[in-house]
Structures are given as C-alpha cells and as structure tokens.
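In case you want the letters, here they are:
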Amino acid sequence: APAAKMAALSGGAPWRTGWLPALRLARRSSKAVTRHWKAMHLQRQKLMALTEYLLPRPPVPERCLRPPQQPQQEDNGYARLLRRQVEEVFRDSRMVAVCQYNSMPGEDVVLMRHYLRKHNIEVKFVLNEIVRPVLSQSRYRNLLPLFVGRNILLVSPETKAKEMLRVLKGVPQVNLLGACIDDTILSRQGVENFAKLPSLEASQGQTLGALALLPSQTCSLLQHGAAHLTALLDQHIHQLRDGAGQGGTPTGPEPPQSPGAP
C-alpha cells in the first residue's frame, strides 16, 4: 500500500521513485608519491665538481685595494665652537683631570660643583666626539685611551690636586682616571703622589736653604786654616810679652824634632 501510494504520487511509475544507498564510500587519501630522493652517483658527483663554474680571481687582492673615499661630513658651527673651547681649556689650565662619570642625582652634582668651586676647580661635561679629534692633533694624544665612556673634566688654573682628591673621596660616582698637571701626563697613582708633595713655597724654601748651606760650609772650611794660624800667632805673641815682662830671655816654642834625631 505505501508503495502504491508513492507510485501514485510520482505519476504512477514505480521506477521514478528516488532511492538513496544506505552506505557511501568516498576516497579522500593523498596522492601517491611516485618520486623519492636518491643519492647522486659517485661518478656524476665527480663530473659536477669538475664542471662547476669558478669565478676568476682579481689580479690584485681586495686587501691591497685602496678603500673607497667616504664623503667628508661638514662640521656645523656648534661643533667647531665646542672644539675651540676644549683647546682653550687645555691651553689655559695648569691642571686638567679626566674622570669617569656615573649616573648620580642632580643635587649631588650641584653639591660637588660647589665644593670644587671653593678651590677654584671647574667641572666640564664634554663629549668624546668633540674631545678626541682635538687631542689627536695635539701633544696630549696620550690621553686618548681615557676617553671611552662618559667622562668629565676637572680644570683649574692652579695645581689643586690635594683639594681635588679630598672632594672626590666623598663622591664615589666620579672616578679619577688620569690628569695633566703642568704639561705632564700623570696616572691616578701619579696624581696621588703629586698631592703628597709640599707646596711650591715650602719646596723653594727648602731648596734655597740647601743651596745656601753648601757655600757657607765651603766658606767656613776655607777660613778655618787662616783663623787657626791667626790664633797660634796671637798665642805666641802673648808668650813673648810675658817672658819680656819677667826679665828673662824670651824663648819661643821649641822646633819639632825629626824622628831620627837623638
């Protein structure tokens, strides 16, 4: 009955009824690999190595060629002004100390500048790009290895090494690397040894005393013989006068006898 009913709905023909299979098979696998990697034969490897193209070597090695000239960068006026200031610092200052500067609060920087300014020492913040070209063309080129990191300059028209070390002792963020004192480059140890020396006035006094002592000793040695002879003659005259006053025959000192005389 249901089949007849379906056939009637489909127009009376049973073969026109739609039919779906209960199981469907679908192939979804990947394609089959038909080529596999295979090692090249030894003879072919030799042939490929022999026929490989090699670039011709240049007649002159690359290390012998002159490097290409780089275009020179024009310096601006501000950089020239900074270099001129650095030149004036090294020319007009008797003491120029190079220190390594580490980060520190602004209040400590102001306090350090205040204590250094009391001893007529100024703090100069400089850039290595400005200082290195100036030093490379001057007689202070031996200071170039000190300008690597962030540095500052402590400059003074006087040699205040002892006062500078006393102030830097309380500032651990600033480390002394070297200095140029009276056109002489000194290391940190050299600056410390220089600070232990007496002042210029005391050194001049000691030198003057040492120089005056030698002539005085020489003069006394030269006058010793004449003074001794004068004393002997005076003593002889006194003896002669004493003998004449007593009415006796004045007798002088006996002449020295030779060792072989009887």
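Residues numbered from 1 in each chain as written. Predicted model: local features only at pLDDT ≥ 70, side-chain atom pairs only at ≥ 80, totals over all residues. Heavy atoms only, no water.

You'll find the chain entered in an unreviewed UniProt entry as Large ribosomal subunit protein uL10m, with Asarcornis scutulata given as the organism. Under the heading Subcellular location (unreviewed entry), UniProt records this for the chain: "Mitochondrion". (UniProt positions renumbered as here; feature names shortened; annotations may be inferred.)

## Things to note about the sheet that holds strand S3 (residues 151–156)
Strand order in the open sheet formed by 5 strands is S2-S3-S1-S4-S5, and the pairing between neighbours is antiparallel. Lying at the two open borders of the sheet, with one neighbouring strand each, are strand S2 (122–125) and strand S5 (184–187). Averaged over neighbouring strand pairs, the angle between their axes works out to 25° when direction is ignored. Relative to strand S4 (residues 174–181), strand S1 (residues 95–101) is paired through 7 bridges, and the arrangement is antiparallel. The partner of Cys-99 across the bridge, within S4, is Leu-176. Of the strands in this sheet, S1, S3 and S4 are in contact with helix H6 (residues 161–168), which crosses S4 at around 170°. (Pairing = 2+ DSSP bridges. Helix = DSSP H or I, 4+ residues; strand = E, 2+ residues; numbered from the N terminus. Axes fitted to C-alpha atoms, helices over the stretch in contact; angles between N-to-C directions. Contact = heavy atoms within 4.5 Å.)

## Observations regarding the packing of H6 against helix H7 (residues 188–195)
Running from N to C, H6 and H7 cross one another at 120°; their axes reach a closest spacing of 8 Å. Handedness of the H6/H7 crossing: left-handed. Contacts from Ala-161, Lys-162, Met-164 and Leu-165 of H6 reach H7 at Val-191, Glu-192, Phe-194 and Ala-195. Residue classes in the contact of H6 with H7 are distributed as 6 nonpolar, no polar and 2 charged. (Left-handed = near helix turned anticlockwise from the far one by under 90°. Nonpolar A, V, L, I, M, F, W, Y, C, P; charged D, E, K, R; others polar.)

## Considerations on the pairing of S5
Two elements, S4 and S5, share 4 bridges in a ladder whose sense is antiparallel. Each bridged residue has a counterpart across the sheet, and for Gly-178 the counterpart in S5 is Ser-187.

## Here we look at the nonpolar core
Nonpolar side chains in soluble globular proteins tend to end up buried together. The biggest cluster of nonpolar side chains holds 23 residues, and the ones touching the most others in it are Leu-154, Met-164 and Val-174. If you list the elements that add at least two residues to this core, you get S1, helix H4 (106–118), S3, H6, S4 and H7. Residues Val-126, Leu-144, Phe-147 and Leu-153 belong to the second largest nonpolar core, which totals 19 residues. (Core = buried A, V, L, I, M, F, W, Y, C linked by side-chain atoms within 4.5 Å. Buried < 20%, exposed > 50% of the residue type's maximum accessible area, 1.4 Å probe, protein only.)

## A word on the side chain of Ser-156
Among the secondary structure elements, Ser-156 is positioned in strand S3. Separated by 2.9 Å, the side chain of Ser-156 and the backbone oxygen of Asn-120 make a polar contact. Once you skip the residues sitting within four places of it in the chain, Ser-156 turns out to touch Ser-93, Arg-94, Met-95, His-119, Asn-120 and Ile-121. (Polar contact = N/O pair within 3.5 Å; in protein donor to acceptor, adjacent residues only side chain to side chain.)

## Quick notes on empty space enclosed by the protein
Enumeration according to the criterion identifies 1 cavity of 30 Å³ or more in this entry. As for the largest cavity, its lining consists of Phe-90, Ser-93, Arg-94, Met-95, Val-96, Tyr-140, Cys-180, Asp-182 and Asp-183. Across the lining of the largest cavity, the residue classes tally to 5 nonpolar, 1 polar and 3 charged. (1 Å grid on protein atoms, 1.4 Å probe; cavity = no way out; pocket = protein on both sides within 12 Å on 5 of 7 lines; lining within 4 Å. Points joined across faces, edges and corners; volume = space filled by probe spheres on them.)

## Considering the pattern of salt bridges
Across all of its chains, the model carries 6 salt bridges by this definition. One salt bridge in this structure joins Arg-91 and Asp-92, with 3.7 Å as the shortest N-O distance. Neither residue differs from the other here; Arg-91 and Asp-92 are each classed as exposed. The partner of Arg-94 in a salt bridge is Asp-182, with the nearest N and O atoms 3.0 Å apart. Here Asp-182 lies in the loop between S4 and S5 and Arg-94 lies in the loop between helix H3 (77–92) and S1, a separation of 88 residues in the sequence. Among the residues examined, Asp-182 registers a relative accessible area of 38% and is labelled partly exposed. (Salt bridge = Lys/Arg side-chain N within 4 Å of Asp/Glu carboxyl O.)

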